[in-house]
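Per-entry structural report
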Amino acid sequence: MNMTEPMFLALTALVDEPRHGYGIVQEVERLSEGKVQLKIGTLYGVLDRLAAEGLVELDREEVQSGRLRRYYRLTDSGEHALQSEVSRLAGTLQTATERLSARRGAVAVRPSVAGGAA
């Protein structure tokens, strides 16, 4: 499964407890330190896809202030998928970190060509 950032963050938001749609939106914003602000339409598309894959499921429905709130929870498959994505991202991060360190080392020993002196 190709996991998008909104999918990754929605799964992460559900790790500790079931949440309703707006609760997921708020938790994603908190987790991303305000960098990701999911629109409700995007969120429900993500939740539909995650549910179709068996990664989340409906936990319960409650009526609050005359509106139906659907709470979603992470499934065991969702936990495994999230852990796999975390491992994949950690490997990618390690590779990028190593390459940046190597580049800094190469840049530090590379002779300067500035000035054009011959």
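Notes on the structure follow. Note that the structure is predicted; figures quoted are calculated from it, not measured.

**Side note on the packing of aromatic side chains**
Geometrically, a pair of aromatic rings is defined through the distance of the ring centres and the angle of the planes. Across all of its chains, the model carries zero aromatic pairs by this definition. One Lys or Arg, Arg60, reaches over the ring of Tyr71 and ends 3.9 Å from the middle of that ring.

**Topic: the pattern of salt bridges**
Tallying each qualifying case throughout the model produces 11 salt bridges. Note that Asp59 and Arg73 form a salt bridge whose closest N and O atoms lie 2.4 Å from each other. Remark: Arg73 occurs in strand S3 (residues 67-74) and Asp59 occurs in strand S2 (residues 56-64); sequence separation between them is 14 residues. Judged by its relative accessible area of 26%, Asp59 falls in the partly exposed class. With a relative accessible area of 28%, Arg73 lands in the partly exposed category. Taking the shortest distance from any N to any O, the salt bridge between Arg70 and Glu61 comes out at 2.8 Å. With relative accessibility at 39%, the residue Arg70 sits in the partly exposed group. Among the residues examined, Glu61 registers a relative accessible area of 40% and is labelled partly exposed.

**What to know about helix H3 (residues 40-52)**
Relative to the 18 Å expected for 13 residues at 1.5 Å per residue, H3 spans 18 Å between its end C-alpha atoms, a close match to the ideal helical length. At its buried positions, H3 is contacted by helix H1 (5-13), helix H2 (21-31), S2 and S3. Directly beyond the C-terminal end of H3, a positive phi value near 80° is found at Gly54.

**Notes on the sheet that holds S2**
Strand order in the open sheet formed by three strands is S1-S3-S2, with antiparallel pairing between adjacent strands. Two strands lie at the open edges of the sheet, namely strand S1 (19-20) and S2, each paired on one side alone. Strand direction decides the pairing type here: S2 and S3, joined by eight bridges, are antiparallel. What sits directly across from Leu58, in S3, is Tyr72.

**Some thoughts on the environment of Pro18**
Note that Pro18 resides in the loop between H1 and S1. A residue is classified by how much of its surface remains accessible, and Pro18, at 29% relative accessible area, is partly exposed. Remark: the alpha-carbon pair of Pro18 and Asp59, spanning 41 residues in sequence, is separated by 6.8 Å.

**Observations regarding unusual backbone geometry**
Positive phi is not limited to glycine here, since Glu33 has a value of about 55°. With a phi angle near 55°, Ser65 is a residue other than glycine that sits in the positive phi range. The residue Ser65 is located in the loop between S2 and S3 in this model. For Ser65, a relative accessible area of 81% puts it in the exposed group.

The rules behind these values
Residues numbered from 1 in each chain as written. Predicted model: local features only at pLDDT ≥ 70, side-chain atom pairs only at ≥ 80, totals over all residues. Heavy atoms only, no water. Phe/Tyr/Trp six-rings, centres within 6.5 Å; stacked < 30°, edge-to-face > 60°. Lys NZ or Arg CZ within 6 Å of the ring centre and 35° of its normal. Salt bridge = Lys/Arg side-chain N within 4 Å of Asp/Glu carboxyl O. Helix = DSSP H or I, 4+ residues; strand = E, 2+ residues; numbered from the N terminus. Buried < 20%, exposed > 50% of the residue type's maximum accessible area, 1.4 Å probe, protein only. Expected span 1.5 Å × (residues − 1). Contact = heavy atoms within 4.5 Å. Pairing = 2+ DSSP bridges.

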